[in-house]
Amino acid sequence: MTARSALPIGVFDSGIGGLTVVRALQQQLPYERILYFGDTARVPYGVKSSDTIRQYSLQIVDFLLEQQVKLLIVACNTMAAVAAEAIRARTTVPVLDVIEAGVEVAAATTRTGRIGVIGTLTTISSGAYEQGVRRRHAKSQIVSQACPMFVPLVEEGWLDHPVTRLTAREYLAPLLAADVDTLVLGCTHYPLLQPMLQDVVGPAVTLVDSAETTASRARALLTDLGLLNPAAIDPLHRVVVTDVPQRFRAIGERFLGKPLPEIELVQW
Ligand code: DGL
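Keep in mind that this is a model prediction, so the values were computed, not measured. (Residues numbered from 1 in each chain as written. Predicted model: local features only at pLDDT ≥ 70, side-chain atom pairs only at ≥ 80, totals over all residues. Heavy atoms only, no water.)

Novice: A description of the state of the cysteines should follow, citing residues and the corresponding values.
Specialist: A full pass over the atoms with the stated rule returns zero disulfides. Note on Cys76: no disulfide assigned, nearest cysteine sulfur contributed by Cys187 at a separation of 7.4 Å. Left without a disulfide partner, Cys147 is nearest to the cysteine sulfur of Cys187, which lies 8.8 Å away. According to the relative accessible area criterion, Cys147 is buried, its value standing at 0%. (Disulfide = S-S within 2.5 Å. Buried < 20%, exposed > 50% of the residue type's maximum accessible area, 1.4 Å probe, protein only.)

Put into structure tokens, the structure is as follows:
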């Protein structure tokens, strides 16, 4: 029987964007094994109904639990926005999600209490970030903006293309008019746009990338639970997807920042 500490961390997302969280985990927890699941056959989730997203999320969680994981990380903001409660109710395995992490940093970062949040249509209409921030910072003023064009632009690799810049100016105008001092990047894809977004909002606005905080929360939690992998060996990683679309490897490697391991396919 494998010791619980040697089990992998299950990280999941609607597609490959969650590899931004894997990248941060690998930097902060280099000895941990990671089992990444991307539902590439059904991405994008950001425009789907909450019921459908919950159903898909639980299907993924059941798959990861069958594989045996010691921790589950919801790397997808859209899933975290509408399915986090259902996921936690499903299992006794600890669960971390990117929204909790983003909320924690945003509340700790803002000086004026005016916080901007950007994400997919479903994430923004769920109000999950607003509710989370208000729980920690009751007087804060949240200005949210769905940015549905950002996901395809990032997948196209247009990270600092004039079209992306123009789109960002348009989307971010109301947040800048509201004079936010903190901007939460509430979608797996947005950290790749960070330099361009910083340029558009200016140096007075702090950008919050929840991938880094999610990784540090994972490290703290595994340490508390005595579940850090003790073996100082190069860990094995697995990447499981429901479809291998065109350009998958190139796009995935852009998110991960290094070569991807062999890709496993599951079909439901
Ligand atoms: N992973 C999603 C998120 O973080 C973006 C892609 C999608 O719409 O499925 O919200």
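Once the structure has been displayed, the description carries forward.
Novice: Describe empty space enclosed by the protein, naming the residues involved and giving the relevant values.
Specialist: Applying the stated rule across the entire model yields one cavity of 30 Å³ or more. Taken as a whole, the largest cavity encloses approximately 50 Å³ of empty space. Looking at the largest cavity, the residues that line it are Thr20, Val21, Ala75, Asn77, Val98, Leu185, Cys187, Thr188, Pro191, Asp209, Ser210 and Ala211. Every element with two or more residues in the lining of the largest cavity is listed here: helix H1 (19-28) and helix H10 (210-224). Residues belonging to the lining of the largest cavity are distributed by class as follows: seven nonpolar, four polar and one charged. (1 Å grid on protein atoms, 1.4 Å probe; cavity = no way out; pocket = protein on both sides within 12 Å on 5 of 7 lines; lining within 4 Å. Points joined across faces, edges and corners; volume = space filled by probe spheres on them. Helix = DSSP H or I, 4+ residues; strand = E, 2+ residues; numbered from the N terminus. Nonpolar A, V, L, I, M, F, W, Y, C, P; charged D, E, K, R; others polar.)

Novice: Give a description of the site of the ligand that names residues and reports values.
Specialist: Around the ligand, a shell composed of 13 residues is seen, among which Asp13, Ser14, Tyr45, Gly46 and Thr78 lie nearest. In the environment of the ligand, a nitrogen atom lies 2.8 Å from a nitrogen or oxygen atom belonging to the side chain of Asp13. At 2.8 Å, a backbone N or O of Gly46 approaches an oxygen atom of the ligand. Calculation on the ligand without its partners gives an accessible area of 290 Å², and the protein chains cover 99% of this total. In this structure the site holding the ligand corresponds to the second largest pocket. By residue class, the composition of the shell around the ligand is five nonpolar, seven polar and one charged. (Near = heavy atom within 4 Å. Polar contact = N/O pair within 3.5 Å; in protein donor to acceptor, adjacent residues only side chain to side chain. Areas by Shrake-Rupley, 256 points an atom, 1.4 Å probe, with all protein chains shown as cover. Sits in = over half its atoms within 2 Å of the grid points.)

Novice: Report on unusual backbone geometry, specifying residues and quantitative values.
Specialist: Both trends apply: most residues other than glycine have a negative phi, and most peptide bonds are in trans. Of note, the amide linkage connecting Val43 to Pro44 takes the cis form, showing an omega dihedral of 5°. Within the fold, Pro44 resides in the loop between strand E2 (34-38) and helix H2 (50-67). In the Ramachandran plot, Gln68 falls in the positive-phi region, its phi being about 75° despite a non-glycine side chain. Here Gln68 lies in the loop between H2 and strand E3 (71-74). For Gln68, a relative accessible area of 47% puts it in the partly exposed group. Residues other than glycine seldom take positive phi values, yet Asp179 does so here, at roughly 60°.

Nothing here speaks to function; it is all geometry.
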